[in-house]
Amino acid sequence: MERRELLRALGLGAATSALAGLGPTRLLALGREAHGHAASTGRLFTTHQAELAGVVAELIIPTTDTPGAREAGVAEFMDFMVERTFDPEERARFLAGLDEMDGRSLRLTGLPFLEANEPQQTAVLSGIAAEAESLRQAGEDDPPHFFHVVRELTLFGYYTSEVGMTEELGWRMIPGSYDGCVDLAQPRPGGF
Amino acid sequence: MGRRQEWDAIVVGSGISGGWAAKELCERGLNTLVLEAGPPIDPAVDYVEHVPVWDMPYRGRGNQEALERDQFIQKECYACDEWGSKFFVNDRENPYTFDDDKPFHWIRGRQVGGRSIMWGRQVYRWSDLDFEANARDGYGVDWPIRYAEIAPWYDHVERFIGISGQAEGLPQLPDGQFLAPMDLNCAETHVRERLLEAYGRDRVLTIGRCAVITENHGGRQACHYCGPCERGCITHSYFNSIGVTLPAANATGRLTLRPNSVVHSLVYDEERDRATGVRVIDAATMATQEFSARIIFLCASALESTRLLLNSATPRFSTGLGNSSGELGRNLMDHCMGGGARGTIPGMEDQTTFGRRPNGIYLARFGNVKGQDEDYLRGFAYQGGAGRSGWGRGNDVPGFGADFKHELRTPGPWRFNFFGFGECLPVPTNYVELDNEVVDKWGIPALKVHCQWGANERALLQAMSDQAVTMLEAAGATDISPYVYDLPPGLTIHEMGTARMGRDPGTSVLNAHNQCHDVPNVFVTDGACMTSSACQNPSITYMALTARAAAHAVELLDRKEL
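As the structure is a prediction and not an experimental result, all values here were calculated from the model. (Residues numbered from 1 in each chain as written. Chains lettered and ligands numbered in written order. Predicted model: local features only at pLDDT ≥ 70, side-chain atom pairs only at ≥ 80, totals over all residues.)

> Quick question: what am I supposed to make of the overall build of chain B here?
Across its full length, chain B holds 12 helices and 19 strands. Against the globule reference of 24 Å for 562 residues, chain B gives a C-alpha radius of gyration of 23 Å, in line with a compact fold. Across its three principal axes, chain B shows a C-alpha extent of roughly 80 × 55 × 50 Å. Within the span of chain B, comprising 562 residues, buried residues form 57% of the whole. Taking the contacts inside chain B whose residues are at least 6 apart along the sequence as the reference set, 72% of them involve residues at least 24 apart. (Helix = DSSP H or I, 4+ residues; strand = E, 2+ residues; numbered from the N terminus. Rg over C-alpha atoms; globule rule 2.2 N^0.38 Å. Buried ≥ 20, exposed ≤ 12 C-beta atoms within 10 Å, placed from the backbone. Contact = placed C-beta atoms within 7 Å.)

This is the structure in structure tokens:
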């Protein structure tokens, strides 16, 4: 399938009927062919840090009836963003936050974070989240607590990923029409 | 200079105004050369509206390092993002200067299509409330035209490009030739109804009037509601010159479009008292060349057209071609924007929207409409609209895990935003001149901009915020947060004036047909010509004035008066 095939389909006839023949996956693949970039690969995190980030992200946005942060590749994206967009101080704080996971877990469970079971890991992260929330309540969350940073990156990485947008939020590239007032519960084959 | 070439007409610029000049001049029989400083773009390759966010390395946040280095001004525009930054100039190659205490943001696009590629697409007619404004309060000079003279040209332009909107019968915002309006959403309909109850027809919230077609029109396909028009549109469902006016010009067989052609200056013949052509620098090779024509249309954008005239000084016009009035460069305007308020509209939690509407609401000016009632002069209008908040609210609440994720799947409350755009008074102390110490990549002197908001613009911004709060309260909103952003002039990207139209050659640069008083075969039809700014988005008025000026120019040529 060529991008120009999409252009032809879009250029002829009514939008909805012309597009009906193109599955969303193929439509999106066209965009990638024309404008795709190599997927970002981990470059900053050590293997251990990448595993910690992966577990923390999956605890924040777990797999439920839809895929979670792990399937969305959030840890790899986090690595890219921390390496490319954080200033040196932010980066150091973030890596320190990851590195502290083991110490916090040992104190609470007697096990390094990755060896703890999921309820234990949740308990460790809950403690960190509570610490962050109390700072926020006190107006002292500046620079932001590690939990708020890792959660922001997780939400951003997940809800801008293909699975996050299409499977979790029902986003589709080409809705084909606009309706200003629809029933939230009503299934929409075209997505939002 | 290289070889000379002859044309009937030269149009400088291929954007919103240049595309219209090209279409009208070609259709009226003139062999027309369109000179565009930037490169051509190929919609099939360069438009990126269907590239999903997950295919962008920074997921839409952009490479800030590159933006800081190359587009430190342009990045202030919302559309200069990870997808669209390629449609904006490189600020290092295109310098301009301003006073340290008077920042001005000059947002520019140099490519075939100009800024029509990534413009905001909102189109509102002016009324005589606007054309009579200068005469009424004494700022600036009187417009040499009234609504009745431009109305048929609004019709002409709207029929061709396709405008969607709702007729409302408001005297200060004349209705146009509308295709079917887009829907207001649930919360916007609610606010419209509450405001009608509270204010009657004085405050009618309507769907934005926009150059996005809601029905197939002129061989172009109706909008498919993918959302980000500013990244291009492969179905040409919004108006830009590449998809609409330039093809019409090309269909006549009389169009020559020459990209990568940086116009340096106009050539003026003292004996004939006419401009005879333009000097062009090839953007890539730096080779220079002259092109000649019987008439010249400057459509390079307000400040570029004026810069070109300033850089075309002659012994007779020592301060810039066509500047016997001394007004060239003066009376720079931009809409003051960013007073407003947000609030939550309770209820309607079972309802949402389908599709991504590339349009918002409009609430026409209501201050000083029936008389001078307010402490400020002139007025403002609102854009904005309602939407349910999304996953981003997860950053503002405690929590993580399955319940947290599930909560974010359902959209949050309806939030409504009234964002104001105000009229800017024309004053001579807001002006541009050539900066003789700075040149651009092609050796052309840069502009030095002197521009700041005055007391009236600041009063408008505050009133926008106050009135937005009052209306949100009337609509039953909660959690109302007013704001007044301190945004520099220029960033609204409605820069106007610096070569104003007027009746008197002693106080204006252009006449009622956008024709230079001093050099009658030069026409300036972009934002530079504007005598006042109104508060409506100006592009449709440039288009109508351009078409009108082109018709007049051809009549003059036919009568051998040029």
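Picking up after the structure, the text goes on.
> Looking at this model, I keep getting lost on the overall build of chain A. Mind explaining?
Regarding its fold elements, chain A presents 9 helices and 1 strand. Going from the N terminus to the C terminus, chain A shows its helices and strands as α-α-α-α-α-α-α-α-α-β. Expressed as a percentage of the 192 residues in chain A, the buried residues total 34%.

> Would you explain the sheet that holds strand β15 (residues 414-422) of chain B in this entry?
Two strands in a sheet stick together by hydrogen bonds in their backbones, pointing the same way (parallel) or opposite ways (antiparallel). Residues and elements named next belong to chain B. Judged by pairing direction, the sheet is antiparallel, and its 6 strands sit side by side in the order β6-β13-β14-β15-β11-β18 without closing on themselves. Two strands bound the open sheet, and with one partner strand each, they are β6 (205-207) and β18 (478-484). Across the sheet, the mean angle from the axis of one strand to that of its neighbour is 25°, orientation sign disregarded. Examined bridge by bridge, strand β11 (residues 336-345) and β15 share 8 bridges and lie antiparallel to one another. Along β15, the bridge assignment pairs Met 337 with Phe 421. Contacts from helix α7 (residues 186-199) reach β6, β11, β13 (361-363), β14 (380-388) and β15 within the one sheet, and its direction differs from that of β6 by about 145°. (Pairing = 2+ DSSP bridges. Axes fitted to C-alpha atoms, helices over the stretch in contact; angles between N-to-C directions.)

> What is the right way to read the interface of chain B and chain A from this model?
Note on interface size: it is often stated as the accessible area lost on association of the parts. Across the boundary between the two partners, chain B contributes 43 residues, which contact 47 residues of chain A. Where the side of chain B that touches chain A is concerned, the elements lending two or more residues are α2 (43-46), β12 (351-354) and α10 (402-409) of chain B. Among the residues making up the side of chain B that touches chain A, the classes are represented as 20 nonpolar, 15 polar and 8 charged. For strand β1 (residues 179-183) of chain A and β12(B), the ladder comprises 3 bridges, and the chain directions are antiparallel. Residue pairing for β12(B): Asp183(A) is matched across the bridge by Gln351(B). (Nonpolar A, V, L, I, M, F, W, Y, C, P; charged D, E, K, R; others polar.)

> Help me understand helix α11 (residues 455-474) of chain B, please; the structure alone is not making it clear to me.
Because an α-helix packs 3.6 residues into every turn, residues spaced three or four apart end up facing the same way. Residue and element names in this part refer to chain B. Taking 1.5 Å of rise per residue, 20 residues should cover 28 Å, and α11 covers 29 Å from first to last C-alpha, within 8% of that figure. Here α11 has its buried residues at Asn 456, Glu 457, Leu 460, Leu 461, Ala 463, Met 464, Ser 465, Gln 467, Ala 468, Met 471 and Leu 472. Contacts from the buried residues of α11 go to α7, β11, β14, β15 and β18. The first or second residue beyond α11 is Gly 476, which carries a positive phi of 80°. (Expected span 1.5 Å × (residues − 1).)

> How should I be thinking about unusual backbone geometry in this particular structure?
Outside of glycine, negative phi angles account for most residues, and trans bonds account for most peptide bonds. Cis geometry is adopted by the peptide bond preceding Pro143(A), which originates at Asp142(A) and carries an omega value of 0°. Position of Pro143(A) among the secondary structure elements: in the loop between α7 (118-137) and α8 (146-159). For Thr498(B), which is not a glycine, the phi torsion comes out positive at approximately 90°. Of note, Thr498(B) is situated in the loop between β18 and β19 (522-524). Its identity is not glycine, yet Ala534(B) carries a phi of approximately 45°, on the positive side.

> In this structure, what is going on with the pairing of β11(B)? I would like to understand it.
Residues and elements named next belong to chain B. Across the 10 residues of β11, 9 count as buried, placing the element largely inside the fold. Pairing analysis gives 5 bridges linking β11 to β18, with the strands arranged antiparallel. Each bridged residue has a counterpart across the sheet, and for Thr 344 the counterpart in β18 is Thr 478.

> Is there a simple way to think about the packing of helix α6 (residues 147-161) of chain B against helix α12 (residues 539-558) of chain B in this case?
When two helices pack together, their arrangement is captured by the angle between the axes and the distance separating the axes. All names here are of chain B. Direction vectors running N to C along α6 and α12 enclose 105°, while the axes themselves pass 8 Å from each other. On the basis of their axis angle, the class for α6 and α12 is roughly perpendicular. Contacts between α6 and α12 involve Ile 150, Trp 153, Tyr 154, His 156 and Val 157 on the former and, on the latter, Ile 540, Met 543, Ala 544, Leu 545, Ala 547 and Arg 548. (Parallel < 35°, antiparallel > 145°, perpendicular 65-115°, else oblique.)

> Is there a simple way to explain the nonpolar core in this structure?
Generally speaking, soluble globular proteins have nonpolar side chains that are buried together. All names here are of chain B. Judged by nonpolar contacts, the single largest core of 166 residues is most densely connected at Ile 10, Val 11, Val 12, Val 278, Ile 296, Phe 297 and Leu 298. Considering each element in turn, this core owes the most residues, 10 residues, to α12. Once residues lying within four places of it in the same chain are set aside, the contact partners of Val 278 are Ile 10, Val 12, Leu 35, Val 263, Leu 266, Val 267, Phe 291 and Ile 296. (Core = buried A, V, L, I, M, F, W, Y, C linked by C-beta atoms within 7 Å.)

> Help me understand the pairing of β15(B) in this model?
Side chains on a regular strand alternate between the two faces of the sheet. Residues and elements named next belong to chain B. Counted residue by residue, β15 has 8 buried out of 9 residues, so it is predominantly covered. Of the strand pairs in this sheet, β14 and β15 are connected by 9 bridges, and their pairing is antiparallel. The partner of Ala 386 across the bridge, within β15, is Phe 416.

> How should I be thinking about the confidence of the model for chain B in this particular structure?
The predicted structure's coordinates, where accompanied by low pLDDT, should not be read in detail. Residue and element names in this part refer to chain B. When pLDDT is averaged along chain B, the result is 97; 99% of the residues meet or exceed 70. Mean pLDDT across the elements of chain B ranges from a minimum in strand β1 (residues 4-12), with 89, to a maximum in β19, with 99. What the predictor reports for the complex is a pTM of 0.93 with an ipTM of 0.92. (pLDDT = per-residue confidence, 0-100.)

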